[in-house]
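Overview (structure and organization)
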Amino acid sequence: MDKLDAAATSVGVVNGPEDDVLNWSAVRWRKVEDDVRRLRQRIFTATQAGDLKRVRSLQKLMLRSRSNTLVSVRRVTEINAGRLTAGVDGQLVLTADDKASLTGWIDAHRPWQAHPVKRVYIPKAGGKRRPLGIPVIVDRVLQARIVNALEPEWEARFEPKSYGFRPGRGCQDAIQAIFNTVSGKTAHRVWVLDADLTAAFDRIDHEHLLRQLGGFPAREHVAGWLRAGVVERGRFSVTEQGTPQGGVVSPLLLNVALHGMEHAAGVRYRRLDAHGADTGRNSPVLIRYADDLVALCHTRQQAEQVQARLADWLAPRGLAFNEDKTCIVTLDDGFDFLGFNVRRYHGKLLIKPSTAAIRRIRGRLRTEIRSLRGAPTVEVLARLNPIVRGWAAYYRHVVSSEIFTSLDHYLWRLTYKWARHRHRNKPTRWIVSRYFGRFNTSRRNVWVFGDRDSGAYLHKFAWTKIVRHQMVTGAASPDDPALTGYWTARRRRTTRLPVDYTSQRLLDEQHGRCAICGELLLHADHPPQTPRDWEQWLGGTRKALARNAITLRDNGTPDEPQLRLLHTHCHRRNPNRRQASTAARQPATGLA
């Protein structure tokens with residue numbers, strides 16, 4: 001951070017007088033978030049009105065906004081999962097002083113040349129590896145700033161059945177859209193084009209993407225990131241196509257590149273607005289989540305026509321179908337999408353966790369238990385509970401009860417084997433009495449794995465209640481100021497989360513808001529997208545609850561320490577904070 005410290009010292013301020021040094025811990029985050037939200041809404045409204053000149057003016061204002069810089073630095077250094085992963089320069093921003101210095105450096109509008117991304121690989125199913133490109137920390141913050149300027153413009157344009165990497169939308173909405181389209185015995189769309197694009201992030205044509213951006217004020221910055229190159233094992237290589245998967249702006253750029261796919265597939269709407277999207281009677285329905293898509297068609301011939309049209313449409317964009325993963329099937333055959341299996345049984349549509357997803361969670365549980373041999377019981381519980389809760393939270397909206405029960409039985413066998421390995425010379429009755437019992441007094445199950453000393457226990461999959469997901473309506477977007485009431489009601493409607501009784505009680509008491517910053521603990525406009533996202537959020541919530549007791553003060557007199565739920569980034573920033581934010585005690589709109 002030496003360069004950033006020097007730059008901040010020379011600038012001295014963040015768009016203010018020279019003696020006004022930013023105090024990161026004193027930033028009023030609710031006001032900052034509100035400023036960015038209002039400006040996003042103005043960009044959205046101007047785009048809807050077709051006033052392109054005003055759109056560009058507001059985007060320039062967003063790119064100069066101090067609040068946008070603060071929000072972007074916070075997102076990259078405190079919230080994003082990759083905050084502890086450095087780029088090619090090896091720099092991380094961890095302390096409050098470093099965050100203040102980075103904010104000041106960026107707001108000084110100094111010239112900046114995009115750095116190459118660092119290539120890393122993460123494992124995929126089948127032994128394959130997914131390439132990720134990790135930008136340097138400054139590039140990540142600049143990309144986050146550009147997202148806030150560019151995203152609301154395209155949110156006003158995007159198609160209604162595009163659900164991937166968009167605010168207010170997620171996997172559950174895509175699955176519910178499929179269910180709504182083909183459920184019922186009288187459903188006519190019984191042929192499915194189940195398609196996948198080959199390495200979409202790595203093959204996007206740069207020139208086409210930049211043409212899509214038009215006169216966007218930061219277009220040259222985007223071009224710089226696209227052409228910055230890749231460093232892998234110390235070797236630099238140029239990038240002539242694609243946008244690095246792992247960049248903050250990359251998911252938005254993918255959606256921009258794929259905008260218009262519904263029209264290309266022949267989808268036609270009778271009614272299309274924020275309150276609904278009704279397709280024509282003979283029209284196919286295309287549902288897309290990033291580069292995964294399904295087209296629901298009336299006949300096989302229509303499905304083949306959609307595939308041919310899309311193949312021609314994708315070619316100029318540098319993209320093509322993955323032939324190994326693209327096929328045309330009937331609903332009676334079924335298909336997998338986003339970890340779910342969609343299939344019709346004797347005329348009734350059922351959506352369940354896919355066989356591959358079940359195999360993956362069983363394998364992960366088995367690997368975790370083996371790695372924890374010899375570890376204390378509390379560590380086993382701390383490792384397994386977020387995994388169980390996260391997976392169950394992701395699949396709680398479909399037909400999962402039987403699968404949850406079978407996974408509970410499998411996990412019981414794993415924990416019993418773990419206990420047997422830990423106490424090889426003890427009899428079965430001793431092991432059972434030591435590690436199993438009715439730890440959860442609110443339930444009758446006497447075979448719960450837990451720790452006798454602390455009273456902590458292992459959550460069961462089957463304890464997660466199956467609930468119906470409320471799909472986002474039509475083309476509704478959180479950036480639409482006319483739908484503020486809709487999103488407020490949407491947050492209130494989903495107050496029950498897959499957490500334990502204590503966490504739910506605290507959520508209700510705190511009106512779903514963090515006890516330090518006063519922001520919503522989980523936004524309806526940024527829902528967890530995958531089982532890992534749910535695992536991270538639920539695990540972080542439990543970690544903050546278990547480790548942090550905040551003393552609330554009333555008229556200067558300290559009360560008894562009370563448990564409070566915090567954002568994990570607020571807990572990291574204020575581990576010893578003694579005073580809860582008064583904003584957390586104000587009436588709120590509720591938890592998503």
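Residues numbered from 1 in each chain as written. Predicted model: local features only at pLDDT ≥ 70, side-chain atom pairs only at ≥ 80, totals over all residues. Heavy atoms only, no water.

Considering the packing of helix α2 (residues 29–48) against helix α4 (residues 66–79)
We apply this condition: Fitting a line to C-alpha atoms yields each axis, with helices limited to the stretch in contact; the angle taken between N-to-C directions then spans 0 to 180 degrees. Only DSSP runs of H or I with at least four residues qualify as helices, and only runs of E with at least two residues qualify as strands; both kinds are numbered from the N terminus onward. Angle categories are assigned with fixed cut-offs, so that under 35 degrees is roughly parallel, over 145 is roughly antiparallel, 65 to 115 is roughly perpendicular, and the rest are oblique. Two helices crossing with the near one rotated counterclockwise from the far one by less than a right angle form a left-handed crossing, whereas a clockwise rotation gives a right-handed crossing. Two residues form a contact once any of their heavy atoms are found within 4.5 Å. Basically, the charged four are Asp, Glu, Lys and Arg, the nonpolar ten are Ala, Val, Leu, Ile, Met, Phe, Trp, Tyr, Cys and Pro, and anything else, Gly included, counts as polar.
One can describe the packing of α2 onto α4 by two numbers: an axis separation of 9 Å at closest approach and a directional angle of 115 degrees. If you check the angle between α2 and α4, you find them roughly perpendicular. Classified by chirality, the crossing of α4 by α2 is left-handed. Of the residues in α4, those touching α2 at Trp29, Val32, Glu33, Asp35 and Val36 are Ser67, Asn68, Leu70, Val71 and Arg74. Among the residues forming the contact of α2 with α4, the class breakdown is five nonpolar, two polar and three charged.

Here's the deal with the pairing of strand β7 (residues 276–279)
Rules: Here, a strand pair is defined by DSSP locating no fewer than two bridges between the strands.
Pairing of strand β6 (residues 269–273) with β7 involves four bridges; the strand directions are antiparallel. Of the residues in β7, the one forming a bridge with aspartate 273 is glycine 276. Turn length for the β6-β7 hairpin, with the two strands adjacent in sequence and antiparallel, is two residues.

Comments concerning the pattern of salt bridges
Here is the rule: Salt bridges are counted wherever a side-chain nitrogen of Lys or Arg sits within 4 Å of a carboxyl oxygen of Asp or Glu.
By the definition in use, this model includes 19 salt bridges. Between lysine 99 and glutamate 78 there is a salt bridge, with its nearest N and O atoms 3.0 Å apart. Highlighted residues: lysine 99 in helix α5 (residues 96–107) and glutamate 78 in helix α4, separated in sequence by 21 residues. A salt bridge links glutamate 368 to arginine 364; its shortest N-O distance comes to 4.0 Å. Separated by four residues within a single helix, glutamate 368 and arginine 364 lie in helix α14 (residues 355–371), roughly one turn from each other.

Considering the sheet that holds strand β3 (residues 191–196)
Taken together, four strands build an open sheet; the order of strands is β8-β9-β3-β10 and the sheet is antiparallel. Pairing within the sheet leaves two strands with one partner each, and these edge strands are β8 (285–289) and β10 (327–330). Looking at each pair of strands side by side, their axes are set apart by 20 degrees on average, direction ignored. As defined by bridge partners, β8 adjoins strand β9 (residues 292–297) across five bridges and the pair is classed as antiparallel. Paired with tyrosine 289 across the strands is aspartate 292, a residue of β9. Packing of helix α7 (residues 171–182) onto the sheet brings it into contact with β8 and β9, and relative to β8 it is tilted by some 165 degrees.

Topic: the side chain of serine 162
The test is simple: Counted as a polar contact is a pair of N or O atoms within 3.5 Å, where, for protein atoms, one must be capable of donating a hydrogen and the other of accepting one, and residues adjacent in sequence contribute only when both atoms are in side chains.
With respect to the helices and strands, serine 162 occurs in the loop between α6 (137–155) and α7. Engagement of the side chain of serine 162 in a polar contact is seen with the side chain of arginine 288, the distance being 3.0 Å. Residues contacting serine 162, with those up to four places away along its chain left out, are Arg169, Asn255, Glu262 and Arg288.

Brief notes about the packing of aromatic side chains
The geometry of an aromatic ring pair is captured by two quantities: the separation of the ring centres and the angle between the planes. The following threshold applies: By convention, a stacked pair of Phe, Tyr or Trp rings (six-membered ring in the case of Trp) has centres within 6.5 Å and planes under 30 degrees apart, an edge-to-face pair has planes over 60 apart, and any other such pair is tilted. Note on exposure labels: buried denotes an accessible area under 20% of the residue type's maximum, exposed denotes more than 50%, and partly exposed covers the range between, all computed with a 1.4 Å probe on protein chains only. Only when the NZ atom of a Lys or the CZ atom of an Arg is both within 6 Å of the ring centre and within 35 degrees of the ring normal do we say a charge sits over the ring.
Overall, the coordinates contain 21 aromatic pairs when judged by the stated rule. Taken together, a centroid distance of 4.3 Å and an interplanar angle of 40 degrees make the contact between tryptophan 391 and tyrosine 395 tilted. Residue tryptophan 391 and its partner tyrosine 395 are located together in helix α15 (residues 377–395), separated by four residues, close to a single helical turn. The same class applies to tryptophan 391 and to tyrosine 395, which are both buried. Three or more aromatic residues link up through ring pairs in this structure, and these residues are Trp412, Tyr416, Trp418, Tyr435, Phe436, Trp447 and Phe449. Cation over ring: arginine 74 sits above tryptophan 29, and NZ or CZ is 4.4 Å from the ring centre.

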